[in-house]
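A look at the structure
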Amino acid sequence: MMRNGIKNKKVILAVCGGIAAYKSIEILRLLKKAGAEVRVIMTQSAQWFVGALTFEALSGQSVFKDMFQEGSEASFRHIDWAREADGVIIAPATANTIGKLANGIADDPLSTFMLAVASPVLICPSMNTHMYANQAVQRNLDTLRSDGYVVVEPASGQLACGTTGPGRLPEPEEIFDRFLGCLSPKDLVGKKILVTAGPTIEPIDPVRFISNRSSGKMGFAVARAAEHRGAEVTLISGPTHLADPMNVTTIRVRTAEEMAGHVFQQMENADVIIKSAAVSDYGPKESEAHKIKKGKNELVLHLQQNEDILKVLGQKKKHQILVGFAAETKDLEKNATQKLAEKNLDIIAGNLVGSSDSGFESDTNTVTLFFKDGTTESLPTMEKLEVAHILLDRIATKVLRAAKAPKSTKN
Ligand code: PMT
């Protein structure tokens, strides 16, 4: 089962007439890349900003832009598309469209279609700062929120009209991420999930360090997926190039020692701890205060073992569900199950590293899940976000549910 939440889903992208309409092209591209089937609706004013042909070419489908002049098959398009839609994004959403939706007006393809929609809807307002602050617009947005639509706060900055303030359409990646959240089940609401990600770096001197190839992608995907499913997520990450995930408390650290300090501090609060970070097993015994000068032919570095954070968590564990990752180049099952037992874990996700589509740096991963009860589950190679969702599925069903089940009482 594909669980990135969007593969093969039918998504409606609605574009209104605003200067940010060009950004919708990128939203469409992201949706298509993730495997969604995208249909586009454009208001009349949107077509002044971007040509419908662009969306037609990229979506591979004709754009719905006129109720009456597109042949007989268009007559019920507003109903058919609404019935078939798995989710809707309106970006940019103008004050005019927001006003119509809040008041049930149906006088063009988009507003008419919206009256028939039952699937999740993400509304992304974008307009001049003063227009956005206008009481009528804010009142209409409140109505839309209470009607169950998800409204994305616009970003702040310099707008095309010269004003500075809120009103910018957020970046397409952010809108895409929020939309994934709209489509996700909310089965982790009320759960506090602590995730670690990325490498740690152990300084040799002020300019050199020991580290590994972890990009943070796997751990960030776990944090994003958990947030999408309603959990309260804290992410502790070593150095990566990835931006903080939305609505996730992100703590950036450098060394294994710093990571350990934050993890132990957060432990008590967490219901689930997922340790995807590639923590350096060893670090230099001493870090030089000044850059080591080139001189001798050989240089000996004395390393010492870092604390095994997960092992300590396993020893201190009370109510927490503990999940580790095992990065192996061989003997995956033997090594992963050994770590599962040694570190007192509920699940360990074993991944073979060293190939371009699995483990470090890649967007995909090939993972086998090893459970405390001795069962295993091998997953095919898939996007890290999908791996994250499957891992969370198992945590939600197999582990959290088992932890909640009443203990059998013997008479
Ligand atoms: O970041 P990416 O580029 O997306 O790559 C993802 C990944 C390959 C890093 C990830 O999928 C992964 O396998 N993470 C764990 C890597 C690792 O350190 O494995 P390990 O077998 O050395 O450690 C086993 C477990 O103990 C891990 O959960 C690790 O976080 C934990 N550990 C290890 C050493 C240590 N000192 N403290 C720890 O907590």
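Here is a short report on the structure shown in this document. (Residues numbered from 1 in each chain as written. Predicted model: local features only at pLDDT ≥ 70, side-chain atom pairs only at ≥ 80, totals over all residues. Heavy atoms only, no water.)

Another aspect to go through is the environment of Ile89. Structurally, Ile89 can be placed in strand S3 (residues 87-93). Ile89 sits in the buried class, given a relative accessible area of 0%. The sequence separation of Ile89 and Ile309 amounts to 220 residues, and the corresponding C-alpha distance is 42 Å. Those residues in contact with Ile89 that lie beyond four places of it in its chain are Ile12, Leu13, Ala14, Ile27, Leu31, Leu122, Cys124, Ile175 and Phe179. (Helix = DSSP H or I, 4+ residues; strand = E, 2+ residues; numbered from the N terminus. Buried < 20%, exposed > 50% of the residue type's maximum accessible area, 1.4 Å probe, protein only. Contact = heavy atoms within 4.5 Å.)

It is worth spelling out helix H4 (residues 77-84) at this point. Every buried residue of H4 is accounted for by Arg77, His78, Trp81 and Ala82. The arc that holds the buried residues of H4, viewed along the axis, is 125°, so those residues lie on one side. Elements that come into contact with the buried residues of H4 comprise strand S1 (10-15), strand S2 (37-42) and helix H6 (109-115). (Arc of directions from axis to C-beta.)

Attention now goes to the site of the ligand. Taken together, the neighbourhood of the ligand is formed by 28 residues, with Ser214, Ser215, Lys339, Asn351 and Glu361 sitting nearest. Here an oxygen atom of the ligand and a side-chain polar atom of Ser215 are 2.6 Å apart. For the ligand, an oxygen atom lies 2.8 Å from a polar atom in the backbone of Met218. Alone, the ligand offers 770 Å² of accessible surface; in the complex the protein occludes 96% of this. Listing elements by their share of the shell around the ligand, those giving two or more residues are helix H10 (217-228), helix H12 (309-316) and strand S16 (321-328). Across the shell around the ligand, the residue classes break down as ten nonpolar, eight polar and ten charged. (Near = heavy atom within 4 Å. Polar contact = N/O pair within 3.5 Å; in protein donor to acceptor, adjacent residues only side chain to side chain. Areas by Shrake-Rupley, 256 points an atom, 1.4 Å probe, with all protein chains shown as cover. Nonpolar A, V, L, I, M, F, W, Y, C, P; charged D, E, K, R; others polar.)

Further remarks concern unusual backbone geometry. Of note, the amide linkage connecting Ala91 to Pro92 takes the cis form, showing an omega dihedral of -5°. Within the secondary structure, Pro92 sits in strand S3. Backbone geometry at Asn344 places phi at a positive 55°, although glycine is not the residue there. Take Asn344: it is sitting in the loop between helix H13 (332-342) and strand S17 (347-352). For Asn344, a relative accessible area of 33% translates into the label partly exposed.

To continue, consider the packing of helix H11 (residues 256-267) against H12. Direction vectors running N to C along H11 and H12 enclose 20°, while the axes themselves pass 10 Å from each other. Put simply, H11 runs roughly parallel to H12. Like other packed secondary-structure pairs, H11 and H12 cross with a definite hand, here right-handed. Contacts from Ala256, Met259, Ala260, Val263, Phe264 and Met267 of H11 reach H12 at Ile309, Val312, Leu313 and Lys316. When its residues are assigned to classes, the contact of H11 with H12 shows nine nonpolar, no polar and one charged. (Axes fitted to C-alpha atoms, helices over the stretch in contact; angles between N-to-C directions. Parallel < 35°, antiparallel > 145°, perpendicular 65-115°, else oblique. Left-handed = near helix turned anticlockwise from the far one by under 90°.)

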